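# Tertiary structure, described
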Amino acid sequence: VLNKMLVDWFAGREIVFAMGTLMSSWPFGIALGLIVQGRIAESLGWRTGMAIAALFCLFALLLLLVVYRPPLNAAVRAANGSTWWNPPDWPSLRSVLIAGSAWGCFNLGLIILFSFGASLLTVRGLSMQDAATVTSIALWIAILSIPVGGYLLQRSTTPRLLANLSYLVSGLALLALYFDAWPVLVCIVFGLALGPGPGVL
């Protein structure tokens, strides 16, 4: 829903930068959860941690209902271009399928880092809390690298090359973590490399 709202506001303008800025909010929530939720679960129980997360979601929904207003031209665009059944043409459908598959793979890499990566570091001797903190480094860096990467990609003369390098270096960083490279450095590289990828997808 937030993606659609953002497209309504930024279509034909700084869409990649805007999308990158939105995407940077996700690593923030995940990184904060990695650091805080384990401590809440240890102190107050896992149900309390889940309840607090749910309250944040409820607050976000209420804020959205009270504050958000669609752009003035969104209703006009929707009325001019929509019918009850409007199947996409093949090139559009193919583009959506490719982007959706790439987005799924991208998110899978991110999930592997902060779930399996943290477990891997625990097996190698770190406490669960320290392992979660180390893997969250990538996410804290991504909070800045994703909107900055989107901004740079929007202005780049070679956006595909920049995006593909982002995916390649991120994947190599995950591989380096598996091969027992220094985890803090790997997380820093992963967080920086992540930047240009999400906004363009």
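Presented here is an overview of the structure given in this document. (Residues numbered from 1 in each chain as written. Predicted model: local features only at pLDDT ≥ 70, side-chain atom pairs only at ≥ 80, totals over all residues. Heavy atoms only, no water.)

Along an α-helix, residues three or four apart share an orientation, since each turn contains 3.6 residues. Across its 34 residues, helix α6 (residues 90–123) extends 47 Å between first and last C-alpha, which sits within 8% of the 50 Å expected from 1.5 Å per residue. Roughly 35 degrees is the biggest bend found in α6, and it falls at I112. Every buried residue belonging to α6 is among F106, G109, L110, L113, F114, G117, A118 and L121, and all of these are buried. Residues of α6 that are buried make contact with α3 (25–44), α7 (128–155), α8 (159–178), α9 (183–193) and α10 (196–200). Structurally, the start of α6 carries an N-cap: the backbone nitrogen of S92 is 2.8 Å from a side-chain oxygen of D89. Just beyond α6, the residue with positive phi is G125, at close to 120 degrees. (Helix = DSSP H or I, 4+ residues; strand = E, 2+ residues; numbered from the N terminus. Expected span 1.5 Å × (residues − 1). Bend = angle between axes of the 7 residues up to and from the residue. Buried < 20%, exposed > 50% of the residue type's maximum accessible area, 1.4 Å probe, protein only. Contact = heavy atoms within 4.5 Å. Polar contact = N/O pair within 3.5 Å; in protein donor to acceptor, adjacent residues only side chain to side chain.)

What follows deals with the side chain of S166. The topology assignment puts S166 in helix α8. Look past the residues within four positions of S166 in its chain and what remains in contact with it is A193, L194, G195, P196 and G197.

The grouping of L161, L165, L168, V169, L172, L175, Y178, F179, W182, L185 and V189 at the surface amounts to a nonpolar patch, some 1100 Å² of accessible area in total. Of all the elements in the fold, those that place two or more residues in the nonpolar patch are α8 and α9. Take the nonpolar patch: its biggest share by element is seven residues, from α8. Its location among the elements puts V169 in helix α8. (Patch = residues over 30% accessible without salt bridge, like charges linked within 9 Å, V, L, I, M, F, W, Y side chains within 5 Å. Areas by Shrake-Rupley, 256 points an atom, 1.4 Å probe, with all protein chains shown as cover. Salt bridge = Lys/Arg side-chain N within 4 Å of Asp/Glu carboxyl O.)

The next thing to look at is the packing of aromatic side chains. On inspection of all chains with the given rule, the structure shows five aromatic pairs. Centroid distance W103 to F106: 5.6 Å. Interplanar angle 15 degrees. Geometry classified as stacked. With a gap of three residues between them, W103 and F106 both fall in helix α6, about one helical turn apart. Taking 6.3 Å as the distance between ring centres and 75 degrees as the angle between the ring planes, the aromatic pair formed by F106 and Y167 counts as edge-to-face. Of this pair, F106 sits in helix α6 while Y167 sits in helix α8, and the two are 61 residues apart along the sequence. Classification of Y167 by relative accessible area gives partly exposed; the value is 26%. Linked through ring pairs, W103, F106 and Y167 together constitute an aromatic cluster. (Phe/Tyr/Trp six-rings, centres within 6.5 Å; stacked < 30°, edge-to-face > 60°.)

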